[in-house]
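Reading the structure
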Amino acid sequence: MHNDSLDQKPYFKRHIFCCGNERPAGHPRGCCKEKGGVDLRNYLKSRVSELKIDGARVNMAGCLDRCELGAVMVIYPEGVWYTYASREDIDEITDKHLMHGEIVERLLLTNDQKELRAEQKTGRTCDDGAACG
Ligand code: FES
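Residues numbered from 1 in each chain as written. Predicted model: local features only at pLDDT ≥ 70, side-chain atom pairs only at ≥ 80, totals over all residues.

**Points about the sheet that holds strand S4 (residues 80-83)**
Read across the open sheet, the five strands follow the order S2-S1-S3-S4-S5; overall the sheet is mixed. The open sheet has two edge strands with one neighbour each: strand S2 (56-61) and strand S5 (108-109). In terms of strand pairing, strand S1 (residues 14-19) meets strand S3 (residues 72-76) through four bridges, oriented antiparallel. Across the sheet, His15 pairs through a bridge with Tyr76, a residue of S3. Across the sheet, helix H1 (residues 37-50) lies against S1 and S2, angled at about 165° from S2, the strand it touches most. (Pairing = 2+ DSSP bridges. Helix = DSSP H or I, 4+ residues; strand = E, 2+ residues; numbered from the N terminus. Contact = placed C-beta atoms within 7 Å. Axes fitted to C-alpha atoms, helices over the stretch in contact; angles between N-to-C directions.)

See below:
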């Protein structure tokens, strides 16, 4: 049985979910909040508003189950995942992906990815405050 309502275009042109989950310090999986997920989500939301990016909606999400790769976001309808750690990362995702539909390869997470690639660790600090990688 076919349901015509499933043929609708997405309500939002781009729907972005940023993980803001918080776990207790020292949790083996870590969490996106300790990696800046909440602050960077708020920054992304403000940039989307300032730039008046049509049809884009930025929402805070609970755990997206890719904690070791965080902070993470997923953008629909493409289903593209990114890791990010700085305002510069958010600016690049905003400028390239949200404004021009281009994938930011440096920050892209593949479906089978279990750990960050070397270039994705640049500039990050690990849980103990030391530089990662
Ligand atoms: S805590 Fe962010 S994906 Fe799990």
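Read on for the rest.
**Considerations on unusual backbone geometry**
When glycine is set aside, most residues are seen to have a negative phi, and most peptide bonds are trans. The residue after Gly70, namely Ala71, is reached through a cis peptide bond having omega 5°. Relative to the assigned elements, Ala71 resides in the loop between S2 and S3. The amide bond that connects Tyr76 to the next residue, Pro77, takes the cis arrangement and shows omega of 15°. Among the secondary structure elements, Pro77 is positioned in the loop between S3 and S4. We note that Lys52 has phi near 55°; this positive angle belongs to a residue other than glycine.

**Quick notes on the pairing of S1**
With six bridges connecting them, S1 and S2 associate as parallel partners. If you follow Cys19 over to S2, its bridge partner there is Ala61. Handedness of the crossover joining S1 and S2 through H1: right-handed. (Right-handed = clockwise from strand over helix to strand, strands pointing away.)

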